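The lines below spell out each chain.
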Amino acid sequence: MPTDKLYYSDSYVTNFTARIVSSVALPSGQSAVILDRTAFYPESGGQPADTGLIDGFRVLDVQEKNGEILHILDTCPKEEKVTGTVDWARRFDHMQQHSGEHVLTGAFGKVLNASNIGFHLGQTSSQIDLDIEVLTAEQAAEVERAANTIVFKNTPIHIHFIDSSGLNKFPLRKQPTKHYDNLRLIEVPDFDCCPCGGTHVASTGEIGLIKIRSWERKKSGIRIDFVCGLRALADYQEKNETVKDLSGKLSVPPAELSSAYDKQAARLDTLNKELTAAQKELTQHLAHKLYSQSQVSGDWHIITYTQTNISPAALNDLARELITHPAAVALLAGSNADNTKAHLVFGANPTLTDVNMNAALKVALPHINGKGGGSPQAAQGGGSNIAGIRQALAVARDFLLESK
Ligand SMILES: [Zn+2]
């Protein structure tokens, strides 16, 4: 005898007694228990499985395999007669989302003549795939209005069990994929009717608010992301807090948040440009000062310079500026803000042909425990030993002078 699916005729059964028909010890150490009747919904049709307790033992998962409903438990109950308790909060949440899917699908059909080609009930939100190419914000809002109007009408949701001959009595939006002797239909009168094995609320008012959160283009059409009931409330609460917070920070009412953001972004853009110009000027001044203090050796002007709290990019900018000066040979070193990384940037004026900055870098790198490379004119690298920076610059300078 197949398990009597109590949830098929009544989604509100949460406590039930049953008899263990068989149980199997799984390789994982868990047990799979089959009952003569159950209110536990197995994962199927895009809806996750119920959880709860059987004789006080946690039901971790429920799966339907080869027509049998397997209750996965950590421990197998000892008694043959057991009591099952479905986690109602989780079940009711699934009922709200799943029933909302039917109503929302009905609304997409009515408003846009769109069909539902896929459904997934997720942990925080759910998705419906639709066979349409585009969805505008106005269309989505209209669909939401149509769906929520059905919610507010508090229409009863009917469950029908029919055989194949009864099919043409119902305006099905989706035909069954195979022949059934006993097909279960879910009907929201005058709105949506389709074969479904899931758990639903008794009337649309229990779904609560239906809200489309976003949508994206997929290969097969449009995928919408939506929430219903308590999830919609949680979503609204979270978004309201965010809006309140931003509204306070920017000192504007919610309706002006977007324009306030645009103003801030434009201001930031201007400041960035001003900062870049100021940094360039500062770099030019520093380069000029360092060049004037450079060590002259033959026809070279050698600059060795170390700065803490400087990025490799800023050190590069300084090197680029320095080597525009005649005969400049720049050996620069820096460390990042939290003193965990050392960087070396070596460069020479392009007219100098008797330097090899890459070779100088190679002798310097071991002192900072680093890696890097470059060309005879410019080379750079980074490492982890900040304490070795001074020594790295000294050996690089000595190397260049000896190889001259
Ligand atoms: Zn359903």
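Each chain carries its own residue numbering, running from 1 in the direction its sequence is written. Local features in this predicted model are restricted to residues whose pLDDT is 70 or higher, and side-chain atom pairs enter the listing and the counts only when it is 80 or higher, whereas totals over whole chains, interfaces and linings include all residues. Side-chain metrics in this entry use all non-hydrogen atoms of the structure; hydrogen atoms and water are not considered.

Caption draft 1: Summary view of the overall build of the protein chain. Where helices and strands are cited, they refer to DSSP runs of H or I of at least four residues and of E of at least two residues respectively, numbered from the N terminus. Along the backbone of the protein chain there are eight helices and 21 strands. Radius of gyration (C-alpha) of the protein chain: 35 Å, far over the 22 Å computed for a compact globule of 404 residues. When the backbone C-alpha atoms are referred to their principal axes, the protein chain occupies close to 105 × 55 × 40 Å. Type-normalised accessible area, obtained with a 1.4 Å probe on protein chains alone, sets the label of each residue: buried when under 20%, exposed when over 50%, and partly exposed for intermediate values. Taking all 404 residues of the protein chain together, 43% fall into the buried category. Here the contacts in the protein chain between residues at least 6 apart in sequence split such that 60% fall between residues at least 24 apart. Each accessible area is a Shrake-Rupley result for a 1.4 Å probe, and residues are judged covered by the shown protein chains and nothing else. Here the protein chain displays about 21,400 Å² of accessible surface, and carbon together with sulfur accounts for 53% of that area. Each radius of gyration reported is based on C-alpha atoms, and the globular scaling rule is 2.2 Å times the count of residues to the power 0.38. In this description, contact between two residues means that some pair of their heavy atoms is separated by no more than 4.5 Å.

Caption draft 2: The domain arrangement of the protein chain, seen in detail. Taken domain by domain, the protein chain holds domain 1 (4–86), domain 2 (92–247) and domain 3 (277–402). Averaged C-alpha coordinates put domain 1 and domain 2 at centres separated by 27 Å. At the interface, 11 residues of domain 1 touch 16 residues of domain 2. Summed over both partners, buried area is the accessible surface (1.4 Å probe) that two parts give up on being assembled. In this assembly, domain 1 packs against domain 2 so that about 1,100 Å² is buried in total across both faces, 53% of it on carbon and sulfur atoms. By the criterion of area lost to domain 2, the three top residues of domain 1 are Tyr8, Tyr12 and Gln47, representing 48% of everything that side buries. By salt bridge we mean one thing: a side-chain nitrogen of Lys or Arg within 4 Å of a carboxyl oxygen of Asp or Glu. Applying the counting criterion to the domain 1 and domain 2 interface returns zero salt bridges. Domain extents, as shown, originate in an automatic or database domain assignment.

Caption draft 3: Broad picture of the sheet that holds strand S15 (residues 221–228). Taken together, four strands build an open sheet; the order of strands is S9-S10-S15-S14 and the sheet is antiparallel. Edge positions in the open sheet fall to strand S9 (116–121) and strand S14 (210–218), since each of these has one partner strand only. Between one strand and the next, the sheet's axes are offset by a mean angle of 20°, whatever the strand orientation. For strand S10 (residues 126–130) and S15, the ladder comprises five bridges, and the chain directions are antiparallel. Counted as the bridge partner of Ser126 is Phe226 from S15. Its contacts with the sheet place helix H2 (residues 88–112) against S9, S10, S14 and S15, and it is angled at close to 135° to S15. Two strands pair under a simple rule: DSSP has to find at least two bridges between them. Note on method: axes are straight lines fitted to C-alpha atoms, helices fitted across the in-contact stretch only, with angles between N-to-C directions ranging 0 to 180 degrees.

Caption draft 4: The coordination of the zinc ion, seen in detail. Counted as coordinating are nitrogen, oxygen and sulfur atoms within 2.8 Å of the metal, or 3.2 Å for Na, K and Ca, while water is not included, which may make sites look incomplete. The coordination sphere of the zinc ion, as far as protein atoms go, consists of His98 (NE2), His102 (NE2), Cys196 (SG) and His200 (NE2), spread over 2.0 to 2.1 Å. In short, tetrahedral needs four donors with all angles between 85 and 135 degrees, square planar needs four and octahedral six donors with opposite donors over 155 degrees apart and all other angles between 65 and 115, and whatever is left is irregular. Here the zinc ion is ringed by four donor atoms whose angles at the metal span 97 to 127°, and the overall shape comes out tetrahedral. Going along the chain, you hit the donors of the zinc ion in the pattern H-x3-H-x93-C-x3-H. Placement of His98 in helix H2 and of Cys196 in the loop between strand S13 (192–195) and S14 is noted, with a sequence separation of 98 residues between them. Taken as a pair, His98 and Cys196 share a single burial class, namely buried.

Caption draft 5: Up close: helix H3 (residues 137–153). Each helix should span, by expectation, one fewer than its residue count multiplied by 1.5 Å. The terminal C-alpha atoms of H3 lie 24 Å apart, and with 17 residues this matches the ideal 24 Å at 1.5 Å per residue to within 8%. Those residues of H3 that fall on the buried side of the exposure criterion are Ala140, Val143, Glu144, Ala147, Asn148, Ile150 and Val151. Projection of H3 onto a plane perpendicular to its axis shows the buried side chains occupying an angular sector of 150°, all on one side. Every exposed residue of H3 that faces more than 90 degrees away from the buried side is listed here: Glu138, Arg145, Phe152 and Lys153. In this fold, the buried residues of H3 make contact with H2, strand S12 (183–188) and S14. A positive backbone phi angle near 55° is found at Asn154, which sits one or two residues after H3. Each C-beta atom gives one direction from the helix axis, and the arc is the one those directions make.

Caption draft 6: Here's a closer look at the pattern of salt bridges. Scanning the entire structure with this criterion turns up 17 salt bridges. Close ionic contact of Glu241 with Lys244 constitutes a salt bridge, the shortest N to O distance being 3.1 Å. Note that Glu241 and Lys244 are positioned in helix H4 (residues 229–250) at a spacing of three residues, about one turn of the helix. Look at Glu241 and you get partly exposed, because its relative accessible area is 45%.

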